Amino acid sequence: MKKADKLTWWERYLTNEIGIEFKACLYFFAVLFFYCVYRIINGIFDASILHMTEMIFTCYIIGYIQVFIFGNFDEADQLRVREYLGIVICTGLYCLVSFWGKWFNREVFVTLIFAGYILVTYICVFLIYRSKRRIDDKKLNEELRLFQTEHRKKE
């Protein structure tokens, strides 16, 4: 492999940052959705800007933890002990911040439901990423076959 074919430090950094940005947006939407449903069920039809700020910062911080400590577990090929540990710890962090920040008025039962919701969200995202990789693999293999067929015709 040529030096020009290898990713530079900057390219690796950007790849990680874009991935974390995407995760933060994805998980913020999921957390905000749960929060809004909770508020609507309780007859409250507005959301706290402070809560939303805490949510987005939490999503960014946990995104960094996911990528740099737990090896990007939601994009893993399969779930092993490290990935499950990451899922549980990150879910716990979301719950701790939600409890500390009073997103759900420190209601333990609601926080437990929130924990289950986050766990299911992580599993769904893992399955989506795995499906996307399989589809991308099929597309790349098809493109390779087409390239090889064209290359043979030219010979």
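None of the values given here were measured: they were computed from a predicted structure.

A. How the structure looks around helix 2 (residues 49–68). Spanning 20 residues, helix 2 covers 29 Å between terminal C-alpha atoms, matching the ideal 28 Å at 1.5 Å per step. As for helix 2, its buried residues are in contact with helix 1 (9–41), helix 3 (81–100) and helix 4 (108–154). One side-chain oxygen of the residue at the start of helix 2 lies 3.3 Å from the amide nitrogen of Leu50, identifying that residue as Ser48.

B. Region of the structure containing a nonpolar patch on the surface. Side chains of Trp9, Trp10, Tyr13, Leu14 and Ile18 sit close together on the surface and give an oily, nonpolar patch of about 580 Å² of accessible area. Positionally, Tyr13 belongs in helix 1.

C. Here's a closer look at the nonpolar core. Tyr94, Phe104, Phe114 and Tyr122 are the most contacted members of the largest nonpolar core, which totals 30 residues. At the level of elements, helix 1, helix 2, helix 3 and helix 4 are the ones that each hand at least two residues to this core.

D. Quick look at helix 3. Its 20 residues give helix 3 an end-to-end C-alpha distance of 28 Å, which sits within 8% of 28 Å, the value for a rise of 1.5 Å per residue. Along helix 3, the positions that sit buried rather than exposed are Glu83, Gly86, Ile87, Cys90, Thr91, Tyr94, Cys95 and Ser98. Buried residues of helix 3, viewed axially, fall in a sector of 160°; they line one side. Set apart from the buried face of helix 3 by more than 90 degrees, the exposed residues are Val81, Val88, Leu96 and Trp100. Looking at the buried side of helix 3, the elements it contacts are helix 1, helix 2 and helix 4.

Thresholds applied
- Residues numbered from 1 in each chain as written.
- Predicted model: local features only at pLDDT ≥ 70, side-chain atom pairs only at ≥ 80, totals over all residues.
- Heavy atoms only, no water.
- Helix = DSSP H or I, 4+ residues; strand = E, 2+ residues; numbered from the N terminus.
- Expected span 1.5 Å × (residues − 1).
- Contact = heavy atoms within 4.5 Å.
- Polar contact = N/O pair within 3.5 Å; in protein donor to acceptor, adjacent residues only side chain to side chain.
- Patch = residues over 30% accessible without salt bridge, like charges linked within 9 Å, V, L, I, M, F, W, Y side chains within 5 Å.
- Areas by Shrake-Rupley, 256 points an atom, 1.4 Å probe, with all protein chains shown as cover.
- Salt bridge = Lys/Arg side-chain N within 4 Å of Asp/Glu carboxyl O.
- Core = buried A, V, L, I, M, F, W, Y, C linked by side-chain atoms within 4.5 Å.
- Buried < 20%, exposed > 50% of the residue type's maximum accessible area, 1.4 Å probe, protein only.
- Arc of directions from axis to C-beta.

All quantities given are derived from atomic positions and should not be read as evidence of function.
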